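# Topology and contacts: notes
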Amino acid sequence: MEFTEITSRQNATLKHLARLAREKKYRLTTGEMVCEGEKMLYEALSSDVKVNSVLARTGAAWDTDLLTKAEAQGAALFSAEEKLFTLASDVEASQPVLFSCMRPVQHTVDFTKVRRAVLLDGLQDPGNLGTILRTADAFALDLVILCEGCTDPTAPKVIRATMGAAFRQGVCQMPLGKAIEALKAQQIPVYAAALEADSVPIPAEGLPERAAVIIGNEGNGVTQNALTLCDEKIIIPMSGHAESLNAGVAAAILIWEMTKKGG
């Protein structure tokens, strides 16, 4: 392995990584994102995402086989002392390595291959989005669609919460109306999770094997546009006193309800 040592906070690579960690606009402009940890690097290298550069913290115990694999796949290797390394991280307790890679969000989707999907309507919390992506990956959901007003799926907090699912789970960004139109063109019914007077409980047998569910904003729920365009409004039956669930928890239950029939 051949490392380039970073010795100045003015180093171009260090500044690039720091901006990727902190600036959404910069991530969008460059088409890259930054991730931390060897688990994430392993997931990135195992996917079709291109890893551009890897920064290792001097003195840390690295997985040399992993870094060798990154170098073999074309990544440039850098090292830096902790005081410089931490400038590229957005967390206090940083990992031994961090890296930049291309954004894994899909630009085009073949809806003929989609059977089950979740549409996120204004979801803002990075932790919730990461949880939903992780859950969708666990239950082999075909697609997570981020519609208007959603948080950036490549923000470091989101990526950390996915525990690697960001490199496996199909994700696209699309206006809600266009996404619903594409799903309905494939005869996939679209449900909105909403506390409305005409909402109906999820049936005991679960949702159809081909279905899509809209999850709304943490504070305001789904938009009026979603309520208008969906085929049916649904609620999760609850026997306790809480009126609603955390968006990430609600999405996990609904994903289960879409997949529990199997097939």
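Residues numbered from 1 in each chain as written. Predicted model: local features only at pLDDT ≥ 70, side-chain atom pairs only at ≥ 80, totals over all residues. Heavy atoms only, no water.

## Examining helix α4 (residues 64–72)
Rules: For every residue, the accessible area obtained with a 1.4 Å probe (protein chains only) is divided by the maximum for its type, and the residue is called buried under 20%, exposed over 50%, and partly exposed between those limits. Helix and strand labels come from DSSP, where a helix needs a run of H or I of at least four residues and a strand needs a run of E of at least two; each type is numbered from the N terminus. In this context, the arc is that of the directions from the helix axis out to the C-beta atoms. In what follows, residue pairs with any heavy atoms lying within 4.5 Å of each other are defined as contacts. For this analysis, a polar contact is any N or O atom pair within 3.5 Å, provided that within protein one partner can donate a hydrogen and the other can accept it, and provided that sequence-adjacent residues contribute only side-chain to side-chain pairs.
Listed in full, the buried residues belonging to α4 are Leu66, Leu67 and Ala70. In an axial view of α4, the angular spread of the buried residues amounts to 95°, which keeps them on one side of the axis. Along α4, exposed side chains directed more than 90 degrees from the buried face belong to Asp65 and Ala72. Where α4 is buried, its residues touch β1 (3–6), α3 (38–46), β3 (51–57), β4 (76–80) and β5 (97–102). The backbone nitrogen of Asp65 lies 3.2 Å from a side-chain oxygen of the residue at the head of α4, namely Asp63.

## Describing a nonpolar patch on the surface
The condition that has to hold: Think of a patch as exposed residues, more than 30% relative accessible area, with no salt bridge, where like charges cluster within 9 Å and nonpolar side chains (Val, Leu, Ile, Met, Phe, Trp, Tyr) cluster within 5 Å. Accessible surface area values rest on a Shrake-Rupley calculation with a 1.4 Å probe, where residue burial reflects the displayed protein chains alone. A pair is scored as a salt bridge if a Lys or Arg side-chain nitrogen falls within 4 Å of a carboxyl oxygen belonging to Asp or Glu.
Judged by side-chain polarity, Met238, Leu245 and Val249 come together as a nonpolar surface patch covering roughly 230 Å² of accessible area. Here Leu245 lies in the loop between β12 (232–235) and α10 (247–259).

## What to know about the packing of aromatic side chains
Our working definition: A pair of aromatic rings is counted whenever rings of Phe, Tyr or Trp (Trp by its six-membered ring) have centres within 6.5 Å, and the orientation is called stacked for planes under 30 degrees apart, edge-to-face for over 60 and tilted otherwise. In our convention, an over-ring charge means Lys NZ or Arg CZ found within 6 Å of a ring centre and within 35 degrees of that ring's normal.
Scanning the entire structure with this criterion turns up two aromatic pairs. Between Phe3 and Trp62, the aromatic rings sit 5.0 Å apart at their centres with planes inclined by 35°, giving tilted as the arrangement. Taken together, the residues Phe3 in strand β1 and Trp62 in the loop between β3 and α4 connect sequence positions 59 residues apart. Accessibility expressed as a relative area gives 26% for Phe3, which makes it partly exposed. Assessed through its relative accessible area of 26%, Trp62 is described here as partly exposed. Judged by centre distance (6.1 Å) and plane angle (55°), the ring pair of Phe139 and Trp256 falls under tilted. Of this pair, Phe139 sits in the loop between α6 (126–138) and β7 (143–146) while Trp256 is found in helix α10, placing the two residues 117 residues apart along the sequence. Between Arg19 and the ring centre of Tyr26, over which it is positioned, the NZ or CZ distance is 4.0 Å. Sitting over the ring of Phe85, Arg57 keeps its end group 5.8 Å from the ring centre.

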